[in-house]
Amino acid sequence: MGRRLLVTSRQLIMVVSICSVLSVTNGLVKKEDIESSLSIVHEVSSQSLGSLCVTEQFRSLTVPIDSLRFESARQKADLAATLLQDLGVAHHNGLQDAISKNILVSDSSVLSARVLAMNATTGTLINCAWWQKQGMEMGGPKKVSDTIMEVGHRPSADYPWYEDADSSPGLRSPKFIESPPNISYRGWWTYPYYSCSARRWLMSYSVPIPPPGRRGLKGFLSLDVDVSHLEVNQCEARPDFPSPKSMFVFHGSHKCHNFTSECIFKPSVHVPSWSRGRYQCHCRAGFYSPHHDGIFNGSLVEVAWEEHLENSSNSWETIYHCLECAPGCHYCTDPSPCLATYNWPIRITFLSVSCWCAFSSLVLIIYVYHYRNVKVFKAASPAFLCITLLGCATMYLEMAAIFPVLDKLSCVMTKWTRHLGFCVTYTALLMKTWRVSLTYRVKSAHKVKLTDNQLLQWMVPILLVMLIYLGTWSVSATPTAEEIMDNNGLRFMQCIYNWWDHSLAIGEVFFLAWGVRVCYNVRHAESMYNEARLISYAIYNIALVNIMMIAFHLFIFPRAGPDIKYLLGFIRTQLSTTTTIALVFGPKIYRVLHGQGDQWDDRVRSRGVTASFSLNGIGVVPEQALDPYQENEELKEEIQKLAAQIEFMKIVHMEMNNRHIKPKPGGYFTALNAPIAVQSPLSKQGITNKPTEEL
């Protein structure tokens, strides 16, 4: 662990030092100097040297490179200069040779070293010790012949590493670069230069050795460092992945279009490390190019840039410029669209219909409340009817939640409107049907009484569980939208489905199954206005529609586009919600509009169901006392039943005591001769109300 932290701290220090050097260097170097240096590098690397190695032997750049990587060689040069200054350079040829060979050239980065002894007054060369590294296979450093520099003459100013201090006293020669800040050097580093004799790129460190007095011999020490192994990396610097061979001064000098393409450095063993255009321009994410698959060679881009500056060609702006992809494309090779299109006129039409249905549901709530004392609504519990309509309006609003391009907020609203609306509507219908089931299945003489308040007490926990589930879901794992593809490979946003959706779907399936079972149990039950059967049909319809839509989404249209999914959502809402409203409220509204809202269903009354029996199971309004008109109606029904039973018993006894009386074939009493149990004539054709009226 300690070793890992140590390595990390070293890497951090390296990144900080590189960034500081890079910022200082880029702040001092002009763009024109970088471009001229790149031109020299290109001229040398392309071997079109021209008159370079004919009329001149050296060609210097005008940009500095980091010299801290050769710190050990500089320290040895300063040490050797200090020794020579203390001992003097006069008559110490052996010392000069030893210093050049054993101290300076022994460094692995040093290619050659020299020590010059000159007359302090005339500046003529007295002695020169020059050692050059020839390679380990040739025995190591070799001494260069003194004829390279003529003794008795002043050293030539053409050498990049030499500058007479008398020519610019107190000033830094333009041959040398400035020292790094807050660091004191005895000498100066030169700008990188190409040596025709060495056929390499070099960088020299020169240290003047002043004479002990006004007269005598002054010294000059210099060493050459081979920098040919460094790389001209023109791409942007990456402090997170520093390259030890890159020269920071050339970072960011590439010619790629920065906004549309990205520079990728491509080192190659077949290309000299000192060469221009050793990179590739790759189109960035969201851009493409019809040329070269969006990957451009850096050398060609450099040539196109020069032609652009000369206004001789526009290839840099056309061929080597990446084009923006279609909206929403993360990657593309042509201008083809990546996002699925939305048919907004159709979607607006569906949304308008759904909003109108939601508004109509709220209007129906007002309508039910206004006619709450009418028997057709009073027998069906107006409170539950209003709750049902409120749930239907909530389910209609799902179409508004999924109307726009889906995001986090719309996905949250989709889950709430869909599941909460379903729970409210389905629970209200199921509670009423469950009350009929309990009333219908009772076998004792005691009548089961379940009021609306008792049913609401059962309904509230169910809704509370749904609210807690949806609230926890929205807070802990907020539903978001994800990108999916349709059959054409076009992407669009859809709300994610995870285990929260699957768990809730499983619970709703079991809830639907229980509702279907309750409806099946009351299939033969009779209720006023036949409401129990209509609610059963509505519950059957909800279950069937949801199963069909799940099959459509999973098996038939698994990769449908956004418009198809919106259409399926609209169809599901209309088939389930609108059909439920039509079945439950259609017959009631029809009766009210035709003035039959306070009339009992004659067909149900003929089967023996009294007006006191409703979907509540205990009467029309169990919590309130019946009004005189309603009491009179129920008394009339009871009297009619009693009169029918009396008439039946009279006819039966008459036939038993008068066997010669036979009913006419096809007559009113034909059914009495059947071998089965005797039934009341009231069940066939009914008995007129004459006896009742006589009573």
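Counting from 1, residues in each chain are numbered in the order their sequence is written. Predicted model: local features are reported for residues with pLDDT of at least 70 only, side-chain atom pairs are reported and counted for 80 or more only, and whole-chain, interface and lining totals are derived from all residues. Only hydrogens and water are removed before side-chain values are computed, so all heavy atoms of the structure are retained for them.

For the chain, an unreviewed UniProt entry supplies the name G-protein coupled receptors family 3 profile domain-containing protein and the organism Dendroctonus ponderosae. Within the UniProt record for the chain, the comment given under Sequence similarities (unreviewed entry) is "Belongs to the G-protein coupled receptor 3 family." UniProt positions are given in the numbering used here, feature names are shortened, and annotations may be inferred rather than shown by experiment.

> Explanation requested: helix 6 (residues 298–309) in the structure shown.
One full turn of an α-helix is made of 3.6 residues, so residues set three or four places apart face in the same direction. Runs of E in the DSSP output that reach at least two residues are strands. Runs of H or I that reach at least four are helices, and both are numbered from the N terminus. A helix's residues, less one, multiplied by 1.5 Å, set its expected span. Its 12 residues give helix 6 an end-to-end C-alpha distance of 16 Å, which sits within 8% of 16 Å, the value for a rise of 1.5 Å per residue. Listing the buried residues of helix 6 in full gives G298, V301, E302, A304 and W305. Down the axis of helix 6, the sector holding all buried residues measures 165 degrees, keeping them to one side. Residues of helix 6 that are buried in the fold lie against strand 10 (279–283), strand 12 (295–297) and helix 7 (315–318). To sort residues, take the accessible area from a 1.4 Å probe on protein chains only and compare it with the maximum for the residue type: under 20% means buried, over 50% means exposed, and anything in between is partly exposed. This arc is built from the directions going out from the helix axis to the C-beta atoms. By definition, residues are in contact when any of their heavy atoms lie within 4.5 Å.

> Just to check I follow, could you spell out a nonpolar patch on the surface for this structure?
There is a patch of nonpolar side chains on the surface, built from I550, L554, F555, I556, F557 and I564 and spanning about 610 Å² of accessible area. A total of 4 residues in the nonpolar patch trace back to one element, the largest contributor, which is helix 15 (residues 531–556). Tracing the backbone shows I556 in helix 15. Without a salt bridge and with relative accessible area above 30%, a residue can belong to a patch; like charges are then joined within 9 Å and nonpolar side chains (Val, Leu, Ile, Met, Phe, Trp, Tyr) within 5 Å. Shrake-Rupley sampling with a 1.4 Å probe provides the accessible areas, and residues are treated as covered by the protein chains on show and by no other component. Between Lys or Arg on one side and Asp or Glu on the other, a salt bridge is scored when a side-chain nitrogen of the former is within 4 Å of a carboxyl oxygen of the latter.

> Please explain the sheet that holds strand 9 (residues 261–265) as it appears in this structure.
By definition, the strands of a sheet pair up through backbone hydrogen bonds, in either a parallel or an antiparallel sense. As summarised here, the arrangement of the 3 strands in space is 9-10-12, forming an open sheet in which the pairing is antiparallel. Sheet topology places strand 9 and strand 12 at the edges, where each strand pairs with a single neighbour. For this sheet the average axis-to-axis angle between neighbouring strands, irrespective of direction, equals 25 degrees. Any two strands with at least two DSSP-identified bridges between them are counted as paired. Note that strand 10 and strand 12 share 3 bridges and pair antiparallel. Paired with C281 across the strands is F296, a residue of strand 12. Here helix 6 sits on the sheet in contact with strand 10 and strand 12, set at roughly 70 degrees to strand 12. Here the axes come from fitting lines to C-alpha atoms, over the contacting stretch only for helices, and the angles between their N-to-C directions go from 0 to 180 degrees.

> Would you mind going over the pairing of strand 8 (residues 217–226) with me for this structure?
Most of strand 8 is tucked away: 9 of the 10 residues are buried. In this structure, strand 2 (residues 110–119) lies alongside strand 8, joined through 9 bridges in antiparallel fashion. Across the sheet, the residue bridging to M118 is K218, located in strand 8. Pairing of strand 7 (residues 200–209) with strand 8 involves 8 bridges; the strand directions are antiparallel. Following the sheet pairing, M203 is matched in strand 8 by V225.

> Can you walk me through the pattern of salt bridges in this structure?
Considering all chains together, one arrives at 15 salt bridges under this definition. The salt bridge partner of E43 is R59, with a shortest N-O separation of 3.5 Å. Residue E43 is found in helix 2 (residues 31–45), and its partner R59 is found in strand 1 (residues 58–60); the two are separated by 16 residues along the sequence. Between R276 and E306 there is a salt bridge whose closest N-O contact spans 2.8 Å.

> Looking at this model, I keep getting lost on the state of the cysteines. Mind explaining?
Simply put, the disulfide is a covalent bond whose two ends are the sulfur atoms of two cysteines. Only a pair of cysteine sulfur atoms within 2.5 Å qualifies as a disulfide here. The full count for this structure, using the stated rule, is 6 disulfides. Two residues, C325 and C332, share a disulfide whose sulfurs are 1.8 Å apart. One disulfide, between C325 and C332, carries an S-S torsion of -85 degrees and so falls in the left-handed class. Relative accessible area serves as the criterion here: at 8%, C325 is assigned to the buried category. Residue classification places C332 among the buried residues on the basis of a relative accessible area of 8%. With its sulfur 2.1 Å from that of its partner, C411 forms a disulfide with C495. Torsion about the S-S bond of the C411 and C495 cystine: about -100 degrees, corresponding to left-handed handedness. Pair noted here: C411 is in helix 12 (residues 408–441) and C495 is in strand 15 (residues 491–495), with a separation of 84 residues, a long-range link. The pair C411 / C495 is uniform in exposure class, with both members buried.

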